[in-house]
Each structure stands twice: as C-alpha cells, then as structure tokens.
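Reading the structure
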Amino acid sequence: MGGLFTALNAGKTSLEVNQKSIEIIGNNISNVNTEGYSRQSAVLTPYPSMSFGSFFIGQGVKVSDVTRDHDTFVTNQLQEKSIEYGLQSGQSNPLAELERIFNISDNNLATDIDNFFDSWKVLSANPSGLVERDIVIQRGEQLADSFHTITNDLNKVQQNINDSIISKVDDVNSKITEIADLNTRIFNIEIQGQTANSARDRRDMLAKDLASSLGVQTYTDSKGMMAVQLPGGLPLVQGTEPMTIEAVPNGQELSLVLHTGGVTRNIGLNNLGGELYGLVNIRDTVIPGLNDNLDQLAYNISTAVNSFHTTGAGLDDSTGLNFFTPNSAPPLATDPLWLDAARNISVALTNSNQVAAAQAPVPPATVAPGDNRNALIIADLGETSLINGSDTFDSYFGKMVSKVGIMSNQNKLSLGGAEDAMVQLQNLRDGMAGVSLDEEMISLIQFQRGFESSAKFLSTIDEMMASLMDLKR
Amino acid sequence: MKVTNGTTYRMLQTNLGKISTRLEDLRNQGATGIKLNKPSDDPASIRPVLTTRSQIRSTERYLDTMGVSLDKMEATDGNLEHVENILQRVKEITINSINGAMSPADMTVFADEVSQLRQELLDAANATVDGKYIFAGYQENVKPFVENTSYDPALYDQADSATWPYIYQGDPNPTELEITPGEKLQTNLTGNDLFMGISNSVMQAGPIPPAVGYPSDAGRVDIFSVLTRVEEALRAGDIDDPAGAGGGLQLQMENIDTAADQSRRLRSQLGNRASRVDTAMMHQEDVRLDLNQILSRYQDADAIETFAAITKQETAFQAALSITAKVSKISILDYL
C-alpha cells in the first residue's frame, strides 16, 4: 500500500506540472503579438528518488524554473542598430521639410533671381519706360521677399525641431525612470532565486527605445542591474538611480542639460546619438550652414548690384544711390560681412525715376532718357560668376539645393538600409525568442496528453487501491 | 530558427510598404511627367536644370530684344528710303536747272519744290517710333533737328556745324542692345552721323576750340546744308559760280551725289546689322530648342518607361497582396 501512495503522489505532481506548463503556453499564446516578449518555458526536473532497499524509485516531477528564450548577442545587435535607425529617421522629417523649402519647381529663388536681372534686360531695351522701371523695383522686392521667406522657413524648421526635442525629452525621462524601477524589481525577484522574465523583456525593450532616441549604451552588472550611459559616457541610470534630462529654453535657443545627483551638465552633440543627435545636428549644423550660404548669396547680389547702381544715374539725374539697402555691419569683427543679409535684404529705392539705367553724366550734362548703358551692365551681372569667382548667383543657389538633395537622398538610402537591418535583426530575434503559434499548439497537445495520461494513471492507482480494499469484505 | 507570427507579418508588411512607396513615386512621375520632383530625386541634375532654365529664360529675353531691335531697324530703313527718294528728286531738279535754259520764274518754282523737299527731309529726320525720336541718340525725347535761327548764308562755313541751316539737338550715342550673351549690337543711327556726316567719335570728343561746331568728316556732307544751298543757288540762278549764292549748282551737284552715297552707305550698314539680327534670332531659336531638349533630358520622365515600371510594380503589389491573403488562410488551428 505504501508504494501506491507514493505513486498517487507522483501522479499528483505530474498533474500539477502539466497544468502549469499549459498555463505557461497559454501565457505565450496571449503574448504572441506583444513586442519584445520572449517565449517562456517551464524547466521540468524529477523529484529526488527515494531508496527502496537496494534500488531507487522516482517520486514525480516538479517545475524548477520558468526561463525565457533569449540571446544576448542578437539583443545587443538590435540595440546597436536602433541607434543608426533612430539617427536616420530623426533626420528624415526635417530634411523633407528642407527639400520643400529648397524646391526645384519653376518658382523658386533661382527664378526670382532670373526675373530680377531679366527686368534689367527689359529696361535696357526701353530705358525711359516708367513701367519697366517700376517692374525692376518690384522684381527686386520680390527677390528680397523670397530671401525673407526662405530664412523664416528655415527658422520655423529649427523651432519645430525644438518642439519635437521637448516632447522627446519627457518620453526619454519616463523611460529612464522605468529602467531604474525595473532594476530594483529584477534585483528583488532574482535575489530570491527566481527569474524576472517579463521585467527583463520590458527592460530590454526600453533600452532599445532609448538607443533609438538617444543612442545610449548599456551593460549589465553582476547584480543584474542595467547601467545606461549616453554615448559620451555620462550616466543616465546607475543601479537604481535614474538621472533626468531637461530641455532648457534660452530665448530662441534650446539646450539639453543632464541632472546627475545635484550636478548639472550640458549635453553637447558628442553626448548624443540616435534620433536626438539627428535633430540637433540638423538644427545646429545643417540649417546654420544653409543660412550662411543664403546670407552670402543675398549679400553678393546686393553688393554687386549696388556697386554698379551707385555709378549709374536715374532719369532725375540722381546718382550714387544704392538699389538694395546695404547690409549693416556685423556686431563682432569675427562675424562674416554677410551676417543676416538674407533676413535684412530690402530695396532702398522707392522712386522709379531713380533706377539707374544710364551712365552717370559729367555735370553739367544731364541724363539722356535713352541711355541704357548701366542697365546693360547690371543685367549682365546675372550671368557673371561673382561668388568666389566660380559661381553665378543661380548656380550658387543650385549648389545649395543639390546639397540639400544629396543629404536627403543619403538619408533615404541610409534609412532604407537601417530599416532592412532592423527588420532582419527583429526576425532573427523572433526566430530565437518569439512565440510561434504552431510550436505552442504542438506543446499544448503534448502537455494535454501528459495531463490525460497522468489522470489515467491516477484512476489506475485508484482502481488498484479499490481492489485492495475489496480483499476484505 | 523558427517562423513566428511576428516574422511572417513583419515580412509581409515591410514588403507591401516598400512596393506601395515605389508605386506612389512612379505614379507621381507618371502624373506630372517629371522625374525630378524633389531635390533628392537626383541631386546631380539640380545645377544643370537650374542653369538651363535660366538660360532658356535669357534666350527668350534675347529673342524679345532682337524683335524690338528689328522693329526699330525697319522703321529706320523706311525713313532712309524716303531720304534717298528726296535726294533723287533734288538731283533731277538740279540736272534740269543746269542743262535746260530756265527762266527765273521756272527756277523759283524749282526752288520752292526743293524747299518742300527740305521740309520733308526734316520730317524724316525727326521721325518717331513709339513716341521717341529715332535719330536723336540717347536724347529720344528731344526733337533732334531744328532750324538754326541765326543761319546766315553769307557766313556759311563747311567746317563749322554752328553756321549750318539746321542744328542737331540729339547726342552722338547710338543705342546698343545685347542680342546674344556678350554681343552688343547697334540698333539705330544717330542724326549727326546720318544727316550731318559727323561721325559719333568726333562729336563725342567735343568741339576743338575756338570752333563751337564740328566739321563734316572728309568725303561726307551735311545733307540739310546741301538742300538749303541748292535752293539758294536756284533762287539766285547761280549755275557755276563757286563764290556766288549757294556755291553754284555745279558744285552742289557733286554734294548731292555725296549725300546720296552717305545715306546709302549707312542704310546698307543698317541692313547688314538687321540681317545679323535675323541670323542671331534663328540661332537663338535653335539654342532654345536645344536647351529645352537638355532640360527635358534632365527632368522629364520617359512616359513609356514609367508606365512599364508602374505595371511591373502593380503586378508585384498584387502578388504581395494575394500572398498575404493566403498566409492568413493557413493555420494549424484548422487541423486540430
């Protein structure tokens, strides 16, 4: 009878274990679409055998652990690739916006430049025409307006980038705090010898997200705590301590600072990665570069036109007048002469009689209405290589547009590549750690059968016990 | 490695996404007919496209300018023909007067006619196009030729334009227009050159003191003076006395020929320039055509190629969709 009771116990453990396993499978199936979830499985071990005289008999089975399918290499790769993906996807929206600003349609800045110099050509064919003179001034104003529009648009892109940085910072901070919390939880669970599977899954996911938005690097210490660092080495999570990032507005500017236990440090471009690097890079490097080019273009156009306009004379014998308002001198000696020229360019002339189509006469001679010599000279400026001696105004603008085009094109290619890599790595990860419904269904059958046979076994033992009971009536 | 739900659907999704993005791009190309819609479509073509567009615009402007020049030249030519006819008639009158034995009354009739012709010449010299005097140089709003109120036949000096019967109020600057990049062409004639025989360079340099006026170039004459003096000679009946009134008809006969020559020479120069403009126009039309072709090569989508590519992508899209539908139909659950 003693052996039968032991067998009853063994059957009971089997029932429990199979039920537990089915529970775990159920959990796997529920999480089939959960991102970052790793498939879990029960680790079954037999109970220690008991000695029956000269031989050992097993005492059933137990679930000794629940593990998750996991591969550190792939997880790290995924985190690593997320940085590149985040960087490229962070740049793609602002670059698309820049492409819209520097478009190549029929009415971009190049057209306005052409139209302006074309109006001088028209004037040269009829130098006394007041309509032609008005058109020259209007086209000049149009050109100045176009410069203003582009400068404002660039400014707006910078502001939009700042807005998205502010919204990103909140998200990043909550993730940093969550990782620190998870560190505590994992430590508390695992110190009792259990495995914190879902907490680890969640932590890996957060680390991947942070890599994508901030380019963070992580490593896990011997206590199972994940340390998170910025690319330049500044700490974000140390043990159970989260740090916070703050976006500090300073007039039009927005800078990022890190609060680390009472100390505040600036986060420069070298301490950023991923999406925020992409955004800050466009805001602080690409757009100022384009602005400078635009300023240089505006400055060169206005000085070139002015230098010839001042030597000419208008219908009213006025001479020495500037066509465009000259750019004011920059505040610092180290600033380039063309600082803010694109923002400030404007037409100085208001009276169309003052448009200097004629060569300045030697007094007492007065301006002849048919004199078109100066108009011819100014009209020619549009086709002269005046910027650094190698570019006409048009082709300089073309260069800027191609620069934006190349950047955007490069970004599209890199983004496509990063996307492909991410998909592949994610598939690799899912192939190792993901939930396959086929697999779970088969396991389900497996453990259901296990449960059924255990039940059958128990009823057999029960019958045997009943037979024993029936011996004495 | 195993196939999981996640991998299968991720694969289908990315592929559908890729194909539909490509299809969208191609449809955009097909709809606009332009393959260069954004700078990133082909950064290398941007500069050529912008430069070519600007060249096309300036070519169109050159064509416009040349059209204006041709109009002016034609108007000038019409006036020059008139001048030639006037000189022709004066010559006939002069020959008649020298050869035939004319009564003083006949001579007076002729003199009246020459006076009329001189008036006609003045009208031609003060001709306007579009409200502007065409023979006034840059002074297009100033009547170029007016009667010299202090004209005295006795003081007439061939070497000083201040003593001539008509004075020139324009300036010696012919209008130049740019007809092709870097090439400027003179589109009109100045009154001093055409009617007074004083070349522009002489007049631009200013009179040599103590003279107030200018002499005619060697071998050229002031047409107004010739006509005025022919009239004076006719009225005085002076046939061959160089010292008499009007210098005598014999002498003026030569001057009339010189004057006709002068007008003819300038007229043919103008004709040459007009034909230069004509060829330049033809050339610019060709250039415009070529430039448009270049522009099209850089930015236009090949319609057939685009439509073929769209069809190809649509087939791929359909295939991807039907595979997606099939995948969702196969499930282990149907077999358990």
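Residues numbered from 1 in each chain as written. Chains lettered and ligands numbered in written order. Predicted model: local features only at pLDDT ≥ 70, side-chain atom pairs only at ≥ 80, totals over all residues. Heavy atoms only, no water.

1. A closer look at the domain arrangement of chain A
As a measure of interface size, the accessible area lost when the parts come together is often cited. Residue and element names in this part refer to chain A. Quick note on the threshold: Where each domain begins and ends is defined by an automated method or by a domain database. Contacts are assigned to residue pairs that have any heavy atoms within 4.5 Å of one another. Accessible-area loss on putting two parts together, using a 1.4 Å probe and summing over both, is the definition of buried area adopted here. Just to be clear on terms, a salt bridge is a Lys or Arg side-chain nitrogen sitting within 4 Å of an Asp or Glu carboxyl oxygen. Side-chain atoms alone can form a polar contact between residues adjacent in sequence; in general such a contact is a pair of N or O atoms within 3.5 Å, and within protein one must be able to donate a hydrogen while the other accepts it.
Taken domain by domain, chain A comprises domain 1 (2-69 + 434-471), domain 2 (75-100 + 160-283) and domain 3 (117-156 + 285-407). Across the boundary between the two partners, domain 1 contributes 9 residues, which contact 8 residues of domain 2. Both sides of the domain 1 and domain 2 interface together cover about 670 Å² of buried area, and 32% of this is carbon and sulfur. Where domain 1 meets domain 2, there are 3 salt bridges. R68 is the partner of D201 in a salt bridge, and the nearest nitrogen-oxygen pair spans 2.6 Å. There are 6 residue pairs in polar contact (both at pLDDT 80 or more) connecting domain 1 and domain 2.

2. Here we look at the nonpolar core
All names here are of chain A. Rule in force here: Side-chain atoms within 4.5 Å are what join buried Ala, Val, Leu, Ile, Met, Phe, Trp, Tyr and Cys residues into a set we call a nonpolar core. Accessibility here uses a 1.4 Å probe with only protein chains present; expressed as a share of the type maximum, an area under 20% marks a residue as buried, one over 50% as exposed, and anything in between as partly exposed. Working definition: helices are DSSP H or I runs of at least four residues, strands are E runs of at least two. Numbering for both runs from the N terminus.
Ranked by internal contacts, the top residues of the largest apolar core, which has 93 residues, are L98, F102, W120, F147, I245, L297 and F323. A total of 17 residues in this core trace back to one element, the largest contributor, which is helix 4 (residues 130-190). Not counting the four nearest positions on each side in its chain, F147 is found in contact with L109, L294, L297, A298, I301, A342 and I345.

3. Regarding the sheet that holds strand 11 (residues 263-266) of chain A
Residues and elements named next belong to chain A. In plain terms, the rule: Note: two strands are recorded as paired if DSSP finds a minimum of 2 bridges between them. Only the stretch in contact is used when a helix axis is fitted, and all axes are lines through C-alpha atoms; the angle between N-to-C directions ranges over 0 to 180 degrees.
The antiparallel open sheet is built from 3 strands, whose spatial order is 9-10-11. The open sheet terminates on both sides in strands that have one partner only, identified here as strand 9 (244-250) and strand 11. Here the average twist between neighbouring strands, direction ignored, is 35 degrees. Both strand 10 (residues 253-260) and strand 11 contribute to a ladder of 4 bridges, which runs antiparallel. The residue bridging H259 from the neighbouring strand is T264, located in strand 11. Its contacts with the sheet place helix 4 against strand 9 and strand 10, and it is angled at close to 160 degrees to strand 9.

4. Re the packing of aromatic side chains
Our working rule: Aromatic rings from Phe, Tyr and Trp, with only the six-membered ring used for Trp, were paired whenever their centres fell within 6.5 Å, and each pair was classed as stacked if the ring planes differed by under 30 degrees, edge-to-face if by over 60, and tilted otherwise. We count a charge as sitting over a ring when the NZ of a lysine or the CZ of an arginine lies within 6 Å of the ring centre and within 35 degrees of the ring normal.
The final tally for this structure, using the stated rule, is 15 aromatic pairs over all chains. Geometrically, the ring pair formed by Y166 of chain B and F224 of chain B is tilted, given 4.7 Å between the ring centres and 40 degrees between the ring planes. Within this pair, whereas Y166 of chain B is found in strand 4 (residues 166-168), its partner F224 of chain B is found in helix 6 (residues 223-236), the two being separated by 58 residues in sequence. An identical accessibility class is assigned to Y166 of chain B and F224 of chain B; each is buried. Put simply, the rings of F116, F117, W120, F323, F324 and F393 of chain A pair up and form one aromatic cluster. In this structure, K121 of chain A is placed above the aromatic ring of Y62 of chain B, and the distance from its NZ or CZ to the ring centre is 4.9 Å.

5. Digging into the pattern of salt bridges
When the charged atoms of two side chains lie near each other, side chains of opposite charge can form a pair. Residue and element names in this part refer to chain A. For the structure on display, the rule yields 46 salt bridges over all chains. Residue E23 pairs with K20 through a salt bridge whose shortest N-O separation is 3.1 Å. Residue E23 and its partner K20 are both found in helix 1 (residues 2-30); the two are separated by 3 residues, about one turn of the helix. K20 gets classed as partly exposed once you look at its relative accessible area, which sits at 37%. The partner of R39 in a salt bridge is E440, and the shortest N-O contact between them spans 2.6 Å.

6. As for the confidence of the model for chain A
Reading predicted coordinates in detail is not appropriate for stretches of low pLDDT. Note the cut-off: As a per-residue quantity, pLDDT reports the predictor's confidence and falls between 0 and 100.
In the predicted model, chain A carries a mean pLDDT of 92, and the fraction of residues at 70 or more is 100%. For chain A, the element scoring lowest by mean pLDDT is strand 2 (residues 50-52) of chain A, at 78; helix 4 of chain A scores highest, at 95.

7. Brief notes about the domain arrangement of chain B
Per the domain assignment, the segments of chain B are domain 1 (5-51 + 301-335) and domain 2 (72-290). Computed from C-alpha coordinates alone, the two centres of domain 1 of chain B and domain 2 of chain B are separated by 75 Å.

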